[in-house]
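# Notes for the structure review
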Amino acid sequence: MRMRAAVGVVLMLAATAVQCAPLRQNHPIIGTWRITLPDGSCSETYRIRADGTTLVFSNEEVAESTFTVSDQPDKNGFYEETDTITKDNGKRDCSGEITAPGRAVTNYLQFHPSGNMFVMCVERSLDRCIGPFIRVRGKSI
């Protein structure tokens, strides 16, 4: 009976495991990005890695996630990106919220032609977006 329960737990964990896939080395999302609230009171920094993982600093929050993103933009210039928080320190982010790990969120990214900015939208439209996220140049950690 215990073996059956243990197998059930393993299968459940495997079914909910988050998949991430390595990106091509020149994918435009790879790098460090920062977005600042309009009043300048808080900023978030995203370290987006080619292995499909992200490290985020937002106010007091430190979070890790896995993500998938389309290799090429669609005909309207949007990359589909799905992000799942895997770890969070339980502190408040720039919006005052505490992020709970486990929920996947899909957004649509559109890059500026320079490759140094992008906006994140809730649908394949520029009607409901946040940004710009600005590329941070310098050495990665």
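That block above? That's the structure.
Rules of the game
- Residues numbered from 1 in each chain as written.
- Predicted model: local features only at pLDDT ≥ 70, side-chain atom pairs only at ≥ 80, totals over all residues.
- Heavy atoms only, no water.
- Core = buried A, V, L, I, M, F, W, Y, C linked by side-chain atoms within 4.5 Å.
- Buried < 20%, exposed > 50% of the residue type's maximum accessible area, 1.4 Å probe, protein only.
- Helix = DSSP H or I, 4+ residues; strand = E, 2+ residues; numbered from the N terminus.
- Contact = heavy atoms within 4.5 Å.
- Pairing = 2+ DSSP bridges.
- Disulfide = S-S within 2.5 Å.

### Some thoughts on the nonpolar core
- Counting residues in each nonpolar core, the largest one holds 17 residues, and the members touching the most others are I29, W33, Y46, L109, F111, F118 and F133.
- Counting residues per element, the ones that place at least two in this core are β1 (31-36), β2 (43-48), β4 (61-69), β6 (104-111) and β7 (117-121).
- Look past the residues within four positions of L109 in its chain and what remains in contact with it is I29, G77, F78, Y79, E81, F118, V119 and M120.

### Examining the pairing of strand β5 (residues 79-88)
- In this structure, β4 lies alongside β5, joined through seven bridges in antiparallel fashion. The residue bridging S65 from the neighbouring strand is I85, located in β5.
- Where β5 and β6 come together, six bridges link them in antiparallel fashion. Looking at the pairing, E81 lines up with N107 of β6.

### Thoughts on the state of the cysteines
- For the coordinates displayed, the defined rule picks out two disulfides.
- Two residues, C42 and C94, share a disulfide whose sulfurs are 2.0 Å apart. Disulfide C42-C94: torsion about the S-S bond near -75°, hence left-handed. With a gap of 52 residues between them, C42 in the loop between β1 and β2 and C94 in the loop between β5 and β6 connect regions that are remote in the sequence.
- Owing to a relative accessible area of 17%, C94 belongs among the buried residues under this scheme.
- Disulfide pairing places C121 opposite C129 at an S-S distance of 2.0 Å. Between C121 and C129, the S-S torsion sits near 95°, and that sign places the bridge as right-handed.
- The class for C129 is partly exposed, based on a relative accessible area of 28%.

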